[in-house]
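Structural overview for review
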Amino acid sequence: SHHRLFSSPVGPAFPLSPLAEVRIVRPRRRSAGMAGEQLKVLDALDVARTQWYHFTAIVIAGMGFFTDAYDLFCISLITKLLGRIYYYDPNSTSPGTLPPNVSAAVNGVAFCGTLSGQLFFGWLGDKLGRKTVYGFTLVLMVVCSVASGLSFSSSPKAVVTTLCFFRFWLGFGIGGDYPLSATIMSEYANKKTRGAFIAAVFAMQGFGILAGGIVAIVVSAGFKNKYDVPPFSVNPIGSTVPQADYVWRIILMFGAVPAALTYYWRMKMPETARYTALVAKNTKQAAADMSKVLNMELEEDAERAQRLVVDQANNFGLFSKEFARRHGLHLVATTTTWFFLDIAFYSQNLFQKDIFSAIGWIPKAATMNAIEEVFRIARAQTLIALCGTVPGYWFTVAFIEIMGRFWIQVMGYFMMTAFMLGLAIPYHHWTTHHIGFVVMYGFTFFFANFGPNSTTFIVPAEIFPARLRSTCHGISAAAGKAGALVGAFGFLYAAQSRDPAKRDKGYPAGIGVRNALFVLVVTNFLGLMFSLLVPESKGISLEEMAKEHEQEEAA
């Protein structure tokens, strides 16, 4: 069952919709071998004008991403609340906090699931088809979102264990969404606007982060108005009302809503033509599917299709010498750049609330009651998302077909390195100038998203052959999640102060926030260096990019 891929994108620029039979146009020379030949259905997709089905594909794939971001990031809004409810120490003068190992588990278990899911579903998407696997990941996300808000008993250990168990499997489903959303969008798009379309799917992540903050604000504001209790310093036990337990559960479970809404549309989407034709080798079915999508008559010449898809197709595998020769450096580039990016990106995002507290944006925990604290944290994160995170994604959508992937990535890494230096060197100045710190911080985020955070997602969906595309995207994304784990946990311990009085309870001495920022400067710079290996795929068809039509070299 070796899947093979073939095909080359340089067909005639044909304005008809994608899959039309092009007999009337200049006859193609067969003697030229594969160099200029392309299946008609893929040619049709490549030159299709932007139309309604492109936008439905963006919304269907994008809502998965919206849910992913909501589910992954909403946990950082509620960890302090969990500490207050389940880890309150009556002998202590400060509110309860999660012990380091519990905090690491709650924050990181979803990433472990995501990493495994990216590898597993990425591989499965190349074996069974994109669409089949896509529905399954969605069901997993809906079920686990709901389940993560339910606990089997009320002891702290039971609550955290069930939460972590379901967050792992939630992450597993989310992991599948990465390679599949990117691959589906890149295979549906035309070559002129493909980058912008994949970027638009990814940009839904920004709205997901925003939605997490807004839901937390609404829920906590509602509960705060109903249960207006004194702050912790006045009444340690009364400041956390029993109903606060509903707040975090509602926030977590709400993640099931957007995913459930798109299930029907996901199931109606036909399999991508590139998978059906190039991997499953059913060109007739591909033409039929795309005729419906493109609203035009397409038929594929059976003999020509057989020659392109079977006789002249490559079939080297992921671990072959041929793959290493053609795509080895590409895979190194996509994995390393995503790895270094996520170290910085996730250490920032998960520890925003700690940074906000450190610079005085969020008052001392003891001066608030439990629900008010959720409200304040959510408000600060939503503000950063609105000003820095969301606009960055849409700048990428707007400029990617002008600047290209390579320059956006290099520029983004360069600016992140510069702004991180600007935060780290005069760090003590920023502890008194909060507005300046937040502006600089927002810019680092803006250039992560108008930069490598978007491009590391787009490029792996474009440069590998169809039969390995989903797998290679999954491997790249998993490298990113490994970086997220390093960022999330490394930063958690590293940012602890050397001064015991300033450290979080239970943590060993770290290197402090300032030195941790210097470490991030270095990882950003390494990302910049490895970005130089990334190939430019702007405006080139997928088959040409992956050199589907080049014959393998004799071993």
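Just so it is clear, the model here is predicted, and its values are computed rather than measured. (Residues numbered from 1 in each chain as written. Predicted model: local features only at pLDDT ≥ 70, side-chain atom pairs only at ≥ 80, totals over all residues. Heavy atoms only, no water.)

1. With respect to the packing of aromatic side chains
Counted under the stated rule, the structure contains 38 aromatic pairs. Judged by centre distance (4.9 Å) and plane angle (75°), the ring pair of Tyr-264 and Trp-265 falls under edge-to-face. Look at Tyr-264 and you get partly exposed, because its relative accessible area is 48%. Relative to Phe-457, the ring of Trp-338 lies with its centre 6.4 Å away and its plane at 85°, an arrangement referred to as edge-to-face. In this pair, Trp-338 is assigned in helix 13 (residues 321-350) and Phe-457 in helix 19 (residues 452-458), connecting sequence segments 119 residues apart. The pair Trp-338 / Phe-457 is uniform in exposure class, with both members buried. (Phe/Tyr/Trp six-rings, centres within 6.5 Å; stacked < 30°, edge-to-face > 60°. Buried < 20%, exposed > 50% of the residue type's maximum accessible area, 1.4 Å probe, protein only. Helix = DSSP H or I, 4+ residues; strand = E, 2+ residues; numbered from the N terminus.)

2. Some words on the nonpolar core
In this structure, Leu-39, Tyr-178, Trp-248, Ile-251, Met-290 and Leu-294 are the most contacted members of the largest nonpolar core, which totals 149 residues. Residue contributions to this core peak at 16 residues, all from helix 7 (residues 194-226). Within the second largest apolar cluster, twelve residues are counted, among which are Leu-318, Phe-323, Leu-331 and Ala-333. (Core = buried A, V, L, I, M, F, W, Y, C linked by side-chain atoms within 4.5 Å.)

3. Focus: helix 6 (residues 156-188)
Spanning 33 residues, helix 6 covers 47 Å between terminal C-alpha atoms, matching the ideal 48 Å at 1.5 Å per step. Most of helix 6 is tucked away: 26 of the 33 residues are buried. (Expected span 1.5 Å × (residues − 1).)

4. Description of the side chain of Arg-130
In this fold, Arg-130 is placed in helix 5 (residues 130-148). Within the local environment of Arg-130, its side chain forms a polar contact with the side chain of Asp-126, the two groups lying 2.6 Å apart. One polar contact links the side chain of Arg-130 to the main-chain carbonyl oxygen of Ala-466, over a distance of 3.0 Å. (Polar contact = N/O pair within 3.5 Å; in protein donor to acceptor, adjacent residues only side chain to side chain.)

5. Quick look at the state of the cysteines
Under the definition given, this model contains zero disulfides. A disulfide-free cysteine, Cys-112 has its sulfur positioned 9.8 Å from the sulfur of Cys-164, the nearest such atom. What makes Cys-112 partly exposed here is its relative accessible area of 34%. The exposure class assigned to Cys-164 is buried, which follows from its relative accessible area of 12%. (Disulfide = S-S within 2.5 Å.)

6. Observations regarding the confidence of the model for the protein chain
Regions with low pLDDT carry predicted coordinates that are not meant to be interpreted in detail. Residues of the protein chain with pLDDT of at least 70 account for 90%, and the chain-wide mean is 86. Looking over the protein chain, one finds the lowest element-wise mean pLDDT in helix 14 (residues 352-358), namely 66, and the highest in helix 19, namely 96. Below a pLDDT of 50 lies the segment residues 1-35, which in the model reaches 123 contacts outside its immediate sequence neighbourhood of four places, other chains included. (pLDDT = per-residue confidence, 0-100. Contact = heavy atoms within 4.5 Å.)

7. As for the environment of Thr-240
Following the sequence through the fold, Thr-240 ends up in the loop between helix 7 and helix 8 (244-253). Between the C-alpha atom of Thr-240 and that of Pro-95, which follows or precedes it by 145 residues, the distance is 9.4 Å.

8. Topic: the packing of helix 7 against helix 15 (residues 370-403)
Remark: helix 7 packs on helix 15, axes separated minimally by 8 Å, with the N-to-C direction vectors making an angle of 165°. Taken as axis vectors, helix 7 and helix 15 run roughly antiparallel relative to one another. Crossing angle aside, the handedness with which helix 7 passes helix 15 is left-handed. Taken together, the residues of the contact of helix 7 with helix 15 break down into 24 nonpolar, eight polar and five charged. (Axes fitted to C-alpha atoms, helices over the stretch in contact; angles between N-to-C directions. Parallel < 35°, antiparallel > 145°, perpendicular 65-115°, else oblique. Left-handed = near helix turned anticlockwise from the far one by under 90°. Nonpolar A, V, L, I, M, F, W, Y, C, P; charged D, E, K, R; others polar.)

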